Amino acid sequence: MVQTVAQTHHARLFIDGAFVESSAGKRFVNINPATEEELGWVEEATKEDVDRAVQAARRALQGPWGRLSIPERIRLVRRIGDLILERREEFARLETLDTGKPYWVAYEHEIPRAAYNFHFFADYLHSVGTEAYQLDAGQLHYAIRRPVGVVGLITPWNLPMVLLTWKMAPALAMGNTVVVKPAELTPLSATLLAEVIKEAGIPDGVVNVVHGFGPNSAGAFLVEHPGVNAISFTGETTTGKTIMANASRNLKRLSFELGGKNPNIIFADADLDEAIDMTLRSSFHNQGEVCLCGSRIYVERPVYEEFLDRFVKRTKELVVGDPFDPKTFVGPLISREHLERVMGYVEIARNEGRILIGGKQPEGLTRGYYLEPTIVVDMPDTCRVMKEEVFGPVVTVSPFDTEEEVIARANDTEYGLSATVWTTNLKRAHRVAHQLEVGMVWINTWFLRDLRTPFGGMKQSGIGREGGMHSVEFYSELTNITVKL
Ligand code: NDP
């Protein structure tokens with residue numbers, strides 16, 4: 001019997017409906033960030049492998065997939081979601097082994113959300129229409145919608161399944177075929193998803209998965225391939241710039257979800273209990289490795305000391321450790337390299353500000369890339385820790401005096417992904433939200449999502465929006481037809 005990736009932890013390429021090894025026999029090792037042990041092998045796709053995947057995806061556009069009726073496509077897309085739920089434990093376990101995120105986070109939240117991405121876009125397809133105009137009786141103008149073609153999906157390591165399925169579900173629902181390049185550090189769940197794709201009865205070549213690195217490897221080969229019509233990318237802003245330059249040669253359609261440096265603004269009239277509960281999550285959920293984390297916390301001066309006291313006390317209670325322990329809130333960071341990068345910011349914070357708690361590896365954890373949740377105060381706004389995306393369990397807390405001041409400071413960044421505002425003053429909540437230069441504002445909550453709403457960032461945090469109709473627009477082409485009657 002063929003062993004699944006959940007048993008072997010060996011991530012093979014998935015091309016034209018078959019699991020294959022690298023054509024050049026190239027492999028690299030995948031490390032478990034919680035134990036620093038080898039998890040298994042990852043096949044590295046060569047330029048020829050990526051080409052084969054793109055060719056398979058092009059052929060599949062013309063094959064049975066391209067001829068499916070919409071109800072049939074809806075049925076297949078829904079089926080993928082059903083099968084993800086059936087294999088929820090396997091997915092959650094692989095996600096935790098790869099990323100170090102707490103198993104309960106993967107099991108309770110991320111895998112169900114990945115399944116829901118398919119269910120949501122399958123259902124959404126029922127209501128997707130087009131435009132028709134009639135200026136006078138003698139003419140009719142109407143648009144038809146069709147797939148863009150082959151779409152390259154390039155995803156990061158922090159929420160591997162959530163972010164991959166967030167792209168794959170609408171891409172398939174709109175009739176495209178895809179070539180996926182998961183992050184090199186987290187190849188397992190995408191490989192298990194390929195097994196599910198096969199089990200669901202999706203025709204060969206519709207979904208292909210190529211593993212490898214970014215520059216001069218699978219990621220770059222995919223971006224540069226003339227047979228790819230569009231790239232949907234989530235990752236760092238600097239990578240987005242490189243991809244944009246490389247994709248320009250073939251003028252590919254691009255969607256970018258990039259980094260953030262999100263402000264979390266707490267006014268003195270806020271419900272502090274709720275604000276503190278949620279700020280613990282928006283600071284340290286998934287080890288702070290979420291693009292939406294509110295890493296710059298601004299607290300109005302009358303409640304600044306009280307907030308800090310209570311926030312520090314609650315942070316001390318968070319359990320850091322084995323991601324398979326249900327009590328764990330903070331697991332290891334993704335890799336040694338990333339831990340060192342985050343520690344670099346901690347050192348800057350130590351020199352330019354004051355570390356209230358954290359800033360070191362937890363005692364007793366001698367293996368694994370762990371870092372205690374870290375709270376920094378007394379930082380100048382100009383410090384790199386206040387300006388750059390740290391992407392770890394490190395937050396800064398600063399006092400502010402007026403609404404105008406905090407809006408200006410919140411906007412003083414090259415990023416523009418999201419913001420959180422805590423206040424019980426209705427008018428102020430909306431007034432402030434309207435002035436923040438970000439793609440998404442949460443008022444008295446965080447991370448609450450409705451998949452129909454526009455998701456994405458402004459400034460250096462992205463190009464375009466995904467979600468609901470915005471995803472439909474990105475993953476489809478319109479042809480306008482005019483008839484003289
Ligand atoms: P990276 O930009 O390093 O990598 C993302 C993906 O791009 C990986 O698959 C990577 O491959 C690939 N890649 C790297 N270089 C190239 C290239 N030249 N051409 C094609 N592909 C390439 O991001 P991280 O994985 O480090 O993820 C963290 C970042 O993602 C943070 O900045 C975070 O804010 C952002 N993010 C944004 C979200 C949003 O919605 N706005 C959501 C989640 C994360 P490889 O892994 O091999 O390097």
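Given the structure is predicted, the values throughout are model-derived calculations rather than measurements.

Here is what the cut-offs are and how they apply
All chains use their own residue numbering, which begins from 1 and follows the written sequence. For this predicted model, a pLDDT threshold of at least 70 governs which residues receive local features, and a threshold of 80 or more governs which side-chain atom pairs are given and counted, while totals over whole chains, interfaces and linings are taken from all residues. To obtain the side-chain values, all non-hydrogen atoms of the structure were included, while hydrogens and water were left out. For helices, the axis comes from a line fit to the C-alpha atoms of the stretch in contact; other axes are also lines fit to C-alpha atoms, and the angle between any two N-to-C directions lies between 0 and 180 degrees. What counts as a helix is a DSSP run of H or I of at least four residues, what counts as a strand is a run of E of at least two, and both are numbered from the N terminus. Convention used here: angles under 35 degrees read as roughly parallel, angles over 145 as roughly antiparallel, angles from 65 to 115 as roughly perpendicular, and any remaining angle as oblique. Contacts are assigned to residue pairs with any non-hydrogen atoms lying within 4.5 Å of each other. Residues were grouped as follows: Ala, Val, Leu, Ile, Met, Phe, Trp, Tyr, Cys and Pro as nonpolar; Asp, Glu, Lys and Arg as charged; and all remaining residues, including Gly, as polar. Note on terminology: near, applied to a residue and a molecule or strand, indicates that one of the residue's heavy atoms is within 4 Å of it. Contacts described as polar in this section are N or O atom pairs within 3.5 Å, which, within protein, must combine one atom able to donate a hydrogen with one able to accept it, while residues neighboring in sequence count only if both atoms come from side chains. With residues, only the protein chains shown are counted as cover, and all accessible areas are computed by Shrake-Rupley using a 1.4 Å probe. Using protein atoms alone on a 1 Å grid, points that fit a 1.4 Å probe yet trap it form a cavity, whereas open point sets bounded by protein on both sides within 12 Å along at least five of seven lines form a pocket; residues with an atom within 4 Å of a point count as lining. Any molecule with more than half of its atoms within 2 Å of a cavity's or pocket's grid points is regarded as sitting in that cavity or pocket. Each nonpolar core is a collection of buried residues, namely Ala, Val, Leu, Ile, Met, Phe, Trp, Tyr and Cys, held together in the definition by side-chain atoms within 4.5 Å. The rule is simple: take the accessible area with a 1.4 Å probe, protein chains only, and divide by the maximum for that residue type; under 20% is buried, over 50% is exposed, in between is partly exposed. Between 30 and 60 degrees the pair is tilted, below 30 it is stacked and above 60 it is edge-to-face, where a pair is any two Phe, Tyr or Trp rings, Trp via its six-membered ring, whose centres lie within 6.5 Å. Only when the NZ of Lys or the CZ of Arg is both within 6 Å of the ring centre and within 35 degrees of the ring normal is a charge said to sit over the ring. Whether two strands pair depends on DSSP finding at least two bridges between them. One less than the number of residues in a helix, times 1.5 Å, gives the span that helix is expected to have. Grid points are joined across faces, edges and corners, and a volume is the space filled by probe spheres set on the points. With the strands pointing away from the viewer, any crossover whose connection runs clockwise from the first strand over the helix to the second is right-handed.

**Student:** For the packing of helix 6 (residues 103-124) against helix 7 (residues 160-173), give the residues involved together with the corresponding values.
**Tutor:** Each pair of packed helices can be summarised by the angle the axes make with each other and by the distance between the axes. Relative to each other, helix 6 and helix 7 sit at 10 degrees, their axes nearing to 8 Å. Relative to helix 7, helix 6 is oriented roughly parallel. Judged by residue contacts, E110, I111, R113, A114, N117, F118 and F121 of helix 6 engage M161, V162, T165, W166, M168, A169, P170, L172 and A173 from helix 7. Tallied by class, the residues present in the contact of helix 6 with helix 7 amount to twelve nonpolar, two polar and two charged.

**Student:** Let's hear about the site of the ligand: which residues, and what values?
**Tutor:** Not every one of the 32 residues close to the ligand is listed here, only the nearest: E184, T239, L258, C291 and E389. Contacts to the ligand include T155, whose backbone N or O atom sits 2.9 Å from an oxygen atom. The contact in question runs from an oxygen atom of the ligand to an N or O atom on the backbone of G212, over 3.4 Å. Protein chains shield 93% of the accessible area of the ligand, which is 910 Å² for the free molecule. At a threshold of 2 Å from the grid points, most atoms of the ligand map onto the largest pocket.

**Student:** Go over the nonpolar core with me, naming the residues and quoting the values.
**Tutor:** Judged by nonpolar contacts, the single largest core of 100 residues is most densely connected at I80, I84, M168, L172, L193 and V397. Setting aside chain neighbours within four positions, we find I84 in contact with F91, I111, A114, A115, F118, M161, L193 and V196. Of all hydrophobic cores here, the second largest spans 29 residues; its members include Y298, A349, I355 and C383.

**Student:** Describe the packing of aromatic side chains, and please don't skip the residues or the numbers.
**Tutor:** All chains considered together, the criterion is met by 18 aromatic pairs. Aromatic pair F120 and F121: ring centres 4.8 Å apart, planes at 85 degrees, arrangement edge-to-face. Residue classification places F120 among the buried positions, given a relative accessible area of 10%. The exposure class assigned to F121 is buried, which follows from its relative accessible area of 2%. Following the ring pairs from residue to residue traces out a cluster consisting of Y116, F120, F121, Y124, W166 and F455. The ring of Y107 carries R88 above its face, with NZ or CZ at 4.0 Å from the centroid. Positioned over the ring face of F267 is R428, at 4.2 Å from the centre of the ring.

**Student:** Kindly report on the side chain of S471, identifying the contributing residues and their values.
**Tutor:** One can find S471 in helix 17 (residues 468-474). Given a relative accessible area of 0%, S471 falls into the buried group. A polar atom in the side chain of S471 sits 2.5 Å from the backbone nitrogen of G467.

**Student:** Explain the sheet that holds strand 5 (residues 132-133) to me, and be specific about the residues and the numbers.
**Tutor:** Pairing is antiparallel across the open sheet formed by three strands, whose spatial order is 5-6-20. Each edge of the sheet is formed by a strand with only one pairing partner; in this case those strands are strand 5 and strand 20 (476-484). One ladder, built from two bridges, connects strand 5 with strand 6 (residues 139-147); its direction is antiparallel. Directly across from A132, in strand 6, lies its bridge partner Y142.

**Student:** Account for helix 13 (residues 336-352), naming residues and giving values.
**Tutor:** With 17 residues, helix 13 extends 24 Å from end C-alpha to end C-alpha; this agrees with the ideal 24 Å at 1.5 Å per step. Looking at the buried residues of helix 13, the elements they touch are strand 14 (354-357), strand 15 (374-377), helix 14 (384-387) and strand 16 (394-400).

**Student:** How would you summarise the layout of surface pockets if you had to cite specific residues and measurements?
**Tutor:** If you add up the space inside the largest pocket, you get close to 960 Å³. Looking at the lining of the largest pocket, the elements that each hand over two or more residues are helix 9 (218-224), strand 10 (230-234), helix 10 (237-247) and helix 13. Of the residues assigned to the lining of the largest pocket, the class counts are 16 nonpolar, 13 polar and seven charged. Each pocket or cavity is described by its volume, and for the second largest pocket that value is around 450 Å³. Along the walls of the second largest pocket sit 19 residues, with H109, R113, V162, F447 and R449 positioned nearest its centre. Listing elements by their share of the lining of the second largest pocket, those giving two or more residues are helix 6, helix 7 and helix 11 (272-284). Looking at the lining of the second largest pocket residue by residue, the class counts come to twelve nonpolar, three polar and four charged.

**Student:** Describe in detail the pairing of strand 12 (residues 263-266), supporting the description with residues and values.
**Tutor:** Regular strands show a simple pattern: their side chains alternate between the two faces of the sheet. Side chains of strand 12 alternate between two faces, with P263 and I265 and N264 and I266 buried alike. Of the pairings in the sheet, the one linking strand 12 to strand 13 (residues 296-300) comprises four bridges and is parallel in character. If you follow I266 over to strand 13, its bridge partner there is V299. Considered for its hand, the β-α-β crossover made up of strand 12, helix 11 and strand 13 is right-handed.

**Student:** Residue-level account of the pairing of strand 7 (residues 150-154), with values.
**Tutor:** Counting buried positions over the five residues of strand 7 gives five, a clear majority of the element. Side chains V150, G152 and I154 of strand 7 all project onto a buried face; the interleaved residues V151 and L153 project onto the opposite face, where all are buried too. Direction of pairing for strand 7 relative to strand 8 (residues 177-181): parallel, over a ladder of five bridges. Paired with V150 across the bridge in strand 8 is T177. Note that the unit made of strand 7, helix 7 and strand 8 has a crossover that is right-handed. By the bridge criterion, four bridges tie strand 7 to strand 10 in an arrangement that is parallel.

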